Amino acid sequence: MELPVAFAGRVVCDLGPEEGAALCAALDGVPPVSVRLHPAKCGDAGALLRRLGACGRVPWCADGHYLTERPQFTFDPAFHAGAYYVQEAASQFVGRLVGDVAGRRVLDLCAAPGGKTTLYASLVGPEGLVVANEIDRRRASVLADNVRKWGTGNVAVTACEPKALGEFENWFDAVAVDAPCSGEGMFRKDPASRGEWSEGNVRLCAARQDAILREAWRALKPGGRLIYSTCTFNRDEDEGTLERMLAWAGDEVPPCPKPERSGASSAGRSGRSGPIGFSRTGPAARAFSPPWPASRRTSAAGCGALRPAERFSGRPTKGPWPNWAVGCGSLPPCVS
Ligand code: SAM
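Just so it is clear, the model here is predicted, and its values are computed rather than measured.

1. Some words on the sheet that holds strand S4 (residues 84-86)
With antiparallel pairing, the four strands of this open sheet are ordered in space as S2-S3-S1-S4. Here the strands that pair on one side only, and so sit at the sheet edges, are strand S2 (54-57) and S4. Adjacent strand axes in the sheet meet at a mean angle of 35°, parallel and antiparallel pairs treated alike. Looking at chain direction, strand S1 (residues 33-37) and strand S3 (residues 64-67) are connected through four bridges and run antiparallel. Of the residues in S3, the one forming a bridge with Val 35 is His 65. The sheet strands contacting helix H3 (residues 45-52) are S1, S2, S3 and S4, and the helix crosses S1 at an angle near 160°.

2. Quick word on the pairing of S3
Across three bridges, S2 lies against S3 in antiparallel orientation. Counterpart to Ala 54 in the pairing with S3 is Leu 67. The antiparallel pairing of S2 with S3 creates a hairpin that spans six residues between the two strands.

3. Focus on the site of the ligand
Taken together, 16 residues lie near the ligand, and Cys 110, Gly 115, Glu 134, Arg 139 and Asp 178 sit nearest. Residue Ala 112 places a main-chain N or O atom 3.3 Å away from an oxygen atom belonging to the ligand. Within the side chain of Glu 134, one N or O atom sits 2.7 Å away from an oxygen atom of the ligand. When the free accessible area of the ligand is taken as 600 Å², the share hidden by the protein chains comes to 82%. Counted by class, the shell around the ligand contains nine nonpolar, two polar and five charged residues.

4. What about the packing of aromatic side chains?
In total, this model carries 10 aromatic pairs according to the counting rule given. With centroids separated by 5.6 Å and ring planes inclined at 55°, the aromatic side chains of Phe 168 and Trp 171 adopt a geometry described as tilted. Classification of Trp 171 by relative accessible area gives partly exposed; the value is 30%. A centroid spacing of 5.0 Å and a plane angle of 90° characterise the contact between Trp 171 and Phe 172, whose relative ring orientation is edge-to-face. Given a relative accessible area of 0%, Phe 172 falls into the buried group. Cluster of aromatic residues (ring-pair linked, three or more members): Phe 7, Phe 187 and Trp 197. When the ring centre of Phe 79 is taken as reference, the NZ or CZ atom of Lys 149 above it lies at 4.4 Å.

Scoring rules and cut-offs
- Residues numbered from 1 in each chain as written.
- Predicted model: local features only at pLDDT ≥ 70, side-chain atom pairs only at ≥ 80, totals over all residues.
- Heavy atoms only, no water.
- Pairing = 2+ DSSP bridges.
- Helix = DSSP H or I, 4+ residues; strand = E, 2+ residues; numbered from the N terminus.
- Axes fitted to C-alpha atoms, helices over the stretch in contact; angles between N-to-C directions.
- Contact = heavy atoms within 4.5 Å.
- Near = heavy atom within 4 Å.
- Polar contact = N/O pair within 3.5 Å; in protein donor to acceptor, adjacent residues only side chain to side chain.
- Areas by Shrake-Rupley, 256 points an atom, 1.4 Å probe, with all protein chains shown as cover.
- Nonpolar A, V, L, I, M, F, W, Y, C, P; charged D, E, K, R; others polar.
- Phe/Tyr/Trp six-rings, centres within 6.5 Å; stacked < 30°, edge-to-face > 60°.
- Buried < 20%, exposed > 50% of the residue type's maximum accessible area, 1.4 Å probe, protein only.
- Lys NZ or Arg CZ within 6 Å of the ring centre and 35° of its normal.

Shown next, in the form of structure tokens:
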């Protein structure tokens, strides 16, 4: 199926003809395959990786590995035992954004089928807690199956409206919103998703994301961290959502140092294109940029994390969480 015409037109308009065409061509390519190992269950990791045909590490995730091709996972007992999770490398990036959450409480507000939930479960460890919520009951049962299979015993699955979780005011150290979106990032992996795309659905998704983020913000502790991610390139969602959020939450987000100008990235006309296939974010997310050296500052498509300061007093947050907000995280030195 062809890419939606309005989508292709917008991409060319946003990125310029060369980069826009390159993105459209990439969406017709073969998607890479990657897995994330379960550190406590994978046994002899080297043997497992050889058997799966691993060909390289995911630079931003210690347990992430690319495979040369897609094996028949369903025939592999180790897959059913939860020794690894089949997860796109880009999805593994949220582990980098969430930071050190060992022993903390993480809310995964839009969690099914549970890829990121299992990552958070490994990161919080036995002393931590992940509340994995999925609004759709049918999908929540798939989530529960995957959580059981992962077997860390530190995940509670719920099937609520985000509002019900928002009632846990100021309770979570980190809240993840892997938002329901227009899915432009799925055009390569799932050609049928091209037929489901429409400009009307983009608007619907953007409004839905705004509502979810309000509840996520309520549930987040002062000094906690919010992660917003999508699998779309759409500006009305990604950057637009963060800009709209800043309009109502801006007072609670601490001012942060002006980002240095980076010569390392190859920004296109809209400033969205960055090194190694990552997209730079728009003005709102860039305003969250931390004071890292410019060469290390880049961003993942549609991915933002921010840490509000003390929400009520305006005082800087104490403790291990720095007080500035993160635009979209840093890449490890090996790829910066
Ligand atoms: N985080 C998941 C993972 O890594 O496997 C993927 C989540 S998927 C991108 C977004 C999820 O949000 C879907 O499961 C969808 O059912 C759910 N969702 C849809 N509408 C929602 C709403 N109004 N509030 C909260 N979640 C919603």
